[in-house]
Amino acid sequence: MKALIIAAGEGKRIREVSGDLPKPLIPLLGLSLIERVILSAREAGIKDFVIVVGYKGEEIKERVGDGSRYNVRIEYIENKEWRKGNGLSVLKARDRIKDNFVLLMADHVFDSDILKELTREGLKGKDGILVVDRDIRDYVDLEDATKVKVEGELIKDIGKDLKDYNGIDCGIFLFSPKIFDAIEESIKQGDDSLSGGVKVLAKKGRMGYLDIEGGFWIDVDNKNTLEIAEKELLRSLIKDTDGPISRYINRPISLRISRILVNTRVTPNAITGLSFLLSLLSGLIFFLGGWMNFILAGILTQISSIIDGCDGEIARLKFQSSEYGRWIDSVLDRYADAIIILGMSYGCWLGFKDALVWIFGFFALIGSLLNSYTAMKYDQVIREKKMKFRFGRDVRLFIIMAGALMNQIFLTLVFLSIITNLENLRRILVLGHNT
């Protein structure tokens, strides 16, 4: 299936931000708006794109290219009548698109899950499906937004000046080629907008809709909505499986770091490596023993925990997530945990030469490693049950820092050996009950 992207307009309302840039190239957390649209569609399984350009179209073509850098295929159509209605931009693609296709706006940021559901559901015997937001967000500019009136499974009316409406057009469509005929019919009636074509299909009972049901989308049309889009994208990085330390301490810091790093060439794997090196340094300093070394090692442990969140954040923001990246991050985290606990055990043994140090150190290490292993299954329960608390690596590393600051390394090892293994046992029982 192809995706048609409209990127022909001038975008006057956001000129204070864009300056001389065409609107689709406005940067948002390391990527331009149109890149976010392309990559969101790619995540939904779409690899073929047709982009209609107009205002400063050569700049867009030069920046985006043929799509090879995004692992997709892109072809362009020029709309010299870009000052007219956006229905003309869609109509320009008539000769390039012969089958059902997705239509997207170059300035609408959205969650790829929305597009996945739209393509999975299909047209269901209709000629068009529009994604509609029936829970109208506070940030939607109702004066400029395209309103929709829906009844049952059909769209009954659409337009910016609609008075009786119960939804907002999200700018995400699935069409059959019939939309081209509908736009032509609308143009003959004096309306060259896309909404005019949709209205023609709606009057024939051929236009359905998909309720977004809380999914994220935003029309980036001015400075305010650009700022909201950034805020919402950052907030979306908070995971259901975040533990309390991660959610309330680590994330607020790591998101600020990621917000800066996302605009650089730093890769997620490089950040994974940095986090591991900080953990390695922390473990080596624990080896030296002594309260001052414990304090420094504990602080480095917590810093590594914060940095450990940045790799995933940047990967998701820049669509660079991969199975290998997640796997190598998990492997290095296990090595880091082992090095830190081994360093704590040896550093503690230097000042407290008792075999109990090694016994509790061993059980703290085993409990921590298995805590991460059991999480692979247990996190599914957290998502399904929407649980609020998760005892994970973020909590363990914070406990290590707290114990180091109080010069209570032995008690920290004892506590970790007990709490991690009890948590593993609890997870086994919970999983057994839920299978």
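Conventions and cut-offs
- Residues numbered from 1 in each chain as written.
- Predicted model: local features only at pLDDT ≥ 70, side-chain atom pairs only at ≥ 80, totals over all residues.
- Heavy atoms only, no water.
- Phe/Tyr/Trp six-rings, centres within 6.5 Å; stacked < 30°, edge-to-face > 60°.
- Lys NZ or Arg CZ within 6 Å of the ring centre and 35° of its normal.
- Axes fitted to C-alpha atoms, helices over the stretch in contact; angles between N-to-C directions.
- Helix = DSSP H or I, 4+ residues; strand = E, 2+ residues; numbered from the N terminus.
- Parallel < 35°, antiparallel > 145°, perpendicular 65-115°, else oblique.
- Left-handed = near helix turned anticlockwise from the far one by under 90°.
- Contact = heavy atoms within 4.5 Å.
- Nonpolar A, V, L, I, M, F, W, Y, C, P; charged D, E, K, R; others polar.
- Buried < 20%, exposed > 50% of the residue type's maximum accessible area, 1.4 Å probe, protein only.
- Pairing = 2+ DSSP bridges.
- Right-handed = clockwise from strand over helix to strand, strands pointing away.

Asks: Got a minute to help me understand the packing of aromatic side chains in this structure?
Replies: The final tally for this structure, using the stated rule, is 12 aromatic pairs. Put simply, the rings of Phe101, Phe173, Phe175 and Phe180 pair up and form one aromatic cluster. Cation over ring: lysine 353 sits above tryptophan 349, and NZ or CZ is 3.8 Å from the ring centre.

Asks: Honestly, the packing of helix H12 (residues 323-351) against helix H15 (residues 409-433) in this entry has me stumped. Any pointers?
Replies: When two helices pack together, their arrangement is given by the angle between the helix axes and by the axis-to-axis distance. Direction vectors running N to C along H12 and H15 enclose 135°, while the axes themselves pass 9 Å from each other. Between H12 and H15, the angle is such that the two are oblique. Both H12 and H15 take part in a crossing whose hand is left-handed. For the pair H12 and H15, contact is made by Ile341, Met344, Ser345 and Cys348 and by Ile409, Phe410, Thr412 and Leu413, respectively. Here the residues of the contact of H12 with H15 are counted per class, giving 6 nonpolar, 2 polar and no charged.

Asks: How should I be thinking about the pairing of strand E1 (residues 2-7) in this particular structure?
Replies: Here is the key point about a regular strand: its side chains alternate between the two faces of the sheet. The buried fraction of E1 is high, at 5 of 6 residues. Examined bridge by bridge, E1 and strand E4 (residues 48-53) share 6 bridges and lie parallel to one another. Of the residues in E4, the one forming a bridge with isoleucine 5 is isoleucine 51. The pairing of E1 with strand E6 (residues 101-105) spans 5 bridges and is parallel. Residue pairing for E6: isoleucine 5 is matched across the bridge by leucine 104.

Asks: Mind showing me how you'd approach the pairing of strand E5 (residues 73-78) here?
Replies: Bridging between E4 and E5 involves 6 bridges; their strand directions are parallel. Pairing of aspartate 48 across the sheet is with arginine 73, part of E5. You can see the chain leave E4, run along helix H3 (residues 57-64) and come back into E5, and the turn it takes is right-handed.

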